[in-house]
Amino acid sequence: MFSVSVNLREEKRAGYPLRDAALCRFIARAASLPVYKKMLHCAAFIHGIFSAALSVLERVEIERNALAFRTCLDAERLTFDRDAAAIAVEAIRTNNAPEGSEGYVNMLKTYTTPTVLKFAEAAGIRRNAQGKWEDLILFPIDECHTLNPDIYTQNDIKDDNRSTYHALCSVLRDLIETPIFALFMSTTSKTRQLAPPVLVDPSSRVTGGELVQRPPYTAFPFDVYKAIIVEDRSTLDEVCELSFLCRFGRPLWWTRWDSGDEDVRKGLIQFAMAKLNGNADLLSVTDAAKFAALSTRHLLMFEPDRRASGMDNKQYQAATVEEYRQVASHMRTVHCIPTHREYMRTSTPSEPILAEAAARLLASSKCPQVKFLAEDLNPLVGKGERGELTARLLCNLAHDAALKISPIILDENLEFSRPIRLIHFLEALIAPKSHSQLLDSRPVTGGNLPFRDAFDDCWVNFTHWSKMGDASCLTTAALWKAIARGTAWQCCDGMPGIDQLIPFVRGRHAKLGRGTVSAIAIQNKDRKTALKVKLDDKFPARLFADAPGGTRQSFIFLTMQLGVQLSAAAAAKATKAATHITPSKTSVGASPRIRTTRSVEVDNRPGRYDITINGCSPTVYQVIREEDRSHWAQLLAARSLKSELPRQTPPHMELLVRSKPLFWSGAPSFDWAEDADGKVDVNEEQEEKIEFGKGEEEEDDK
């Protein structure tokens, strides 16, 4: 297919292909003109381009085909640019028709249309027997956002305010009988410049429904490398290599690896860090770059169609502009723009190279991650996401801390994409005083192996999170593929009982496949009161259904009751250890053991190992620092009115309750009425604690 392209990039922006400077200067003159003069300039613009392209085509000496023409056009680009602009200027000078619509119509009929048809004839493009063109001429207009610098509002809907972009669209619509297929391309994230919402489109035919404007095309496929990995052929060590990880994500990474020299390959992560930082100096990491890095690692999801409570329109616009900026300069990806064009759907998809770069960027800039997220989290990251976000953040911090416990260096170019022993990961996550109970704990179903033996040679590998589209990813096939990619799973919305899955492989040198993997299944709760949680009995059968022969592996069920807050009485006893073992409810000490005597036989059947963590503080999580307590509470947004009262004494608490901001069971909310039985409900005291083993309402199904 013949292609005649132009590039309208801003003058101060570098890039490839080169900017067509003369054509940019010509079309820029139309910006301040009335609408019909804009259209006249656009018609002359197209005439100049195709007239200069026709001259190039006529100079092709051998076989006159699309490839030969394109090669010649690229070789003569500067000449083509100057000639096209000069021809357009001359066409405006010699156009003898009156000003206004007549001048535009004359330019279209006398200059533009005949020139396009002459090029089609020279290119051998003909009409078929039905009168339709047998082929088309592709007309890409790159960086077209420069034609429309303004953001439209409803107050701008009038002809005189139409931009050069919309004038050019009108001209192309009038050329519909020619074989031109225009393709507008742009790297801008400001979609309103090119595709404003229907209600503020400057064309009355669009707002009235007569014309339907196509939504922008944003397809950007990842993982286009040839075969990346095959099941049961690679070990964990082999997938923790830069040469392997660069195959995932956008083609940018593996093309640089394949075509670059040793210095380019060694600098790939630095290159990705610079991309996250908006190509700015890495000695000065911007807040926008920190947000991009946090989003890459912790899976920050925007919901731009939902206005956060308490935001006025100005704040909402500022929040969406920040999302646009993330797309434009910090590697965030646009997935789609809905038909109504009110917003765009974006994310930071799974890219192991970018996740490694994000981890390094946060570490090198000494970014206080929880503080940054608590204080500067974009309000469009919904409150409903924050419990899950807190869980992902805790796990990522534990991952990074565990690297220091088991420093396995396989590739000197990778600092965070390394295998980590599962036990070390969990020890980095939970408070040290609970480590012995963790290692000695027994399964609630299956055999009786202590935790330390059941998971001795198990390994995790994740630097970021990916979200399941639906429950079909709840398989061992998805587990081993996630390990290969260096990601953990955020479950789909509405999946009952499970919020995250962290896959692990049984054996560092085992081949990655459905028969060698299992997972930590995580459930998040952000209620202020601890709940008794039970895992769906069908979960193991569903997870291991696709394993060879349906063989099950031991797995871990971790409940993170993040919203649990200390009661006033419990807070007063903060120095007292709060770790308990169920079902015996004993205080900190040795967990229940099965004595290894001759009368007791070791049962190594696969089992489920339960861990329940109540609260979100240094009492239960080793990765939480004392000075960050308030930031974690702010991130969770789980603090109650009572817990925020600055004077936490019983008299002041009673005065608060008596002011009736809310009602709680019992006195003093209801001391003005007497029940027939004289009984008064008392709120249950809450504790921050870690529990291992069997829940109170669970039965062993061994």
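1. A look at unusual backbone geometry
Move 1: In this structure, D223 is a non-glycine residue whose phi angle is positive, near 55 degrees.
Move 2: In this fold, D223 is placed in the loop between α8 (204–207) and α9 (236–239).
Move 3: The phi dihedral of L299 falls on the positive side, at around 60 degrees, and the residue is not glycine.
Move 4: Looking at the secondary structure, you find L299 in the loop between α14 (287–298) and α15 (313–329).

2. Regarding the nonpolar core
Nonpolar side chains in soluble globular proteins tend to be buried together.
Move 1: L422, F425, L501, I502, I520 and Y621 are the most contacted members of the largest nonpolar core, which has 123 residues in total.
Move 2: Per element, the largest residue contribution to this core is eight residues, and it comes from helix α18 (residues 386–405).
Move 3: Counting 56 residues, the second-largest nonpolar core is a separate cluster that includes V6, A44, F45 and V171.

3. Brief notes about a negative patch on the surface
Move 1: Judged by side-chain charge, D261, E262, D263 and E412 come together as a negatively charged surface patch.
Move 2: Take E262: it is sitting in helix α12 (residues 262–266).

4. Section: helix α1 (residues 21–28)
Move 1: Among the residues of α1, A22, L23, C24, F26 and I27 are the ones counted as buried.
Move 2: Contacts made by the buried residues of α1 are with β1 (6–7), α2 (35–58), α4 (77–94) and α6 (164–174).

5. A few points about the sheet that holds strand β3 (residues 180–185)
Move 1: The strand order across the open sheet formed by three strands is β1-β2-β3, and the pairing between neighbours is parallel. The open sheet has two free edges, formed respectively by β1 and β3, since each of these has just one partner strand.
Move 2: Note that strand β2 (residues 137–142) and β3 share six bridges and pair parallel. In the strand pairing of β3, F139 is matched with A182.

6. Section: the side chain of S347
Move 1: Along the chain, S347 falls in strand β5 (residues 345–347).
Move 2: When residues no more than four places from it in sequence are discounted, the contact partners of S347 are R332, T333 and H335.

7. Details of the confidence of the model for the protein chain
Detail in the predicted coordinates should be disregarded across regions flagged by low pLDDT.
Move 1: Chain-level pLDDT for the protein chain is 83 on average; 80% of the residues reach the 70-or-more range.
Move 2: Across residues 567–599, where pLDDT falls below 50, the model places 56 contacts with residues more than four positions away in sequence or in other chains.

8. Let's talk about the pairing of β2
Move 1: In terms of residue burial, β2 counts as a mostly covered element, since five of its six residues are buried.
Move 2: Examined bridge by bridge, β1 and β2 share two bridges and lie parallel to one another. For N7, the partnering residue across the bridge sits in β2 and is D142.

9. A short note on the pattern of salt bridges
Move 1: Enumeration over the complete set of coordinates arrives at 20 salt bridges.
Move 2: The residue R250 makes a salt bridge to E351 at a minimum N-O spacing of 2.6 Å. Of this pair, R250 sits in the loop between α10 (242–245) and α11 (251–259) while E351 is found in the loop between β5 and α16 (352–364), placing the two residues 101 residues apart along the sequence. An identical accessibility class is assigned to R250 and E351; each is buried.
Move 3: For R297, the salt bridge goes to D400, with nearest N and O atoms at 2.7 Å. One end of the pair, R297, is in helix α14; the other, D400, is in helix α18, and 103 residues separate them in sequence. With respect to burial, R297 and D400 carry one shared label: buried.
Move 4: Connected via shared salt-bridge partners are E356, R360 and E415.

10. Overview of the packing of aromatic side chains
What describes a pair of aromatic rings is the distance from one ring centre to the other and the angle between the planes of the rings.
Move 1: Applying the stated rule across the entire model yields 17 aromatic pairs.
Move 2: Taking 5.8 Å as the distance between ring centres and 85 degrees as the angle between the ring planes, the aromatic pair formed by F455 and F504 counts as edge-to-face. Taken together, the positions of F455 in the loop between α21 (451–454) and β7 (458–460) and F504 in strand β10 (residues 500–506) put the pair 49 residues apart, joining distant regions of the chain. You'll find F455 and F504 in the same group, each marked buried.
Move 3: Taking the centre distance of 5.1 Å and the plane angle of 75 degrees together, the rings of F455 and Y609 count as edge-to-face. With F455 in the loop between α21 and β7 and Y609 in strand β13 (residues 608–614), this residue pair connects regions lying 154 residues apart in the sequence.
Move 4: Members of the aromatic cluster, each reached through a chain of ring pairs, are F2, F50, F69, F119 and F139.
Move 5: Sitting over the ring of F271, R256 keeps its end group 3.8 Å from the ring centre.
Move 6: Across the ring face of W459, the terminal group of R508 is positioned such that the distance to the ring centre comes to 5.7 Å.

Thresholds applied
The written sequence of each chain sets the order in which its residues are numbered from 1. Residues qualify for local features only when their pLDDT is at least 70, as the model is predicted, and side-chain atom pairs are given and counted only at 80 or more; totals for whole chains, interfaces and linings, by contrast, use all residues. For side-chain calculations, the full set of non-hydrogen atoms in the structure is used, while hydrogens and water are omitted. Where helices and strands are cited, they refer to DSSP runs of H or I of at least four residues and of E of at least two residues respectively, numbered from the N terminus. By nonpolar core we mean a set of buried residues, namely Ala, Val, Leu, Ile, Met, Phe, Trp, Tyr and Cys, connected to one another through side-chain atoms within 4.5 Å. Accessibility here uses a 1.4 Å probe with only protein chains present; expressed as a share of the type maximum, an area under 20% marks a residue as buried, one over 50% as exposed, and anything in between as partly exposed. Candidate patch residues must exceed 30% relative accessible area and have no salt bridge, after which like charges are joined if within 9 Å and Val, Leu, Ile, Met, Phe, Trp or Tyr side chains if within 5 Å. Residue-level accessible areas treat just the shown protein chains as cover; the underlying method is Shrake-Rupley with a 1.4 Å probe. Salt bridge, as applied in this entry: a Lys or Arg side-chain nitrogen positioned within 4 Å of an Asp or Glu carboxyl oxygen. Charged-residue counts in this description rest on Lys and Arg as positive and Asp and Glu as negative, His and the chain ends being excluded. Lysine's charge is taken at NZ, arginine's at CZ, aspartate's at CG and glutamate's at CD. Two residues form a contact once any of their heavy atoms are found within 4.5 Å. One requirement defines pairing of two strands: DSSP has to find at least two bridges between them. Each residue gets a pLDDT score, which is the predictor's confidence in that residue and runs from 0 to 100. Two aromatic rings from Phe, Tyr or Trp, using only the six-membered ring of Trp, form a pair when their centres are within 6.5 Å; if the ring planes differ by under 30 degrees the pair is stacked, by over 60 it is edge-to-face, and anything between is tilted. Placement of a positive charge over a ring is assigned whenever Lys NZ or Arg CZ falls within 6 Å of the ring centre and within 35 degrees of the normal to the ring plane.

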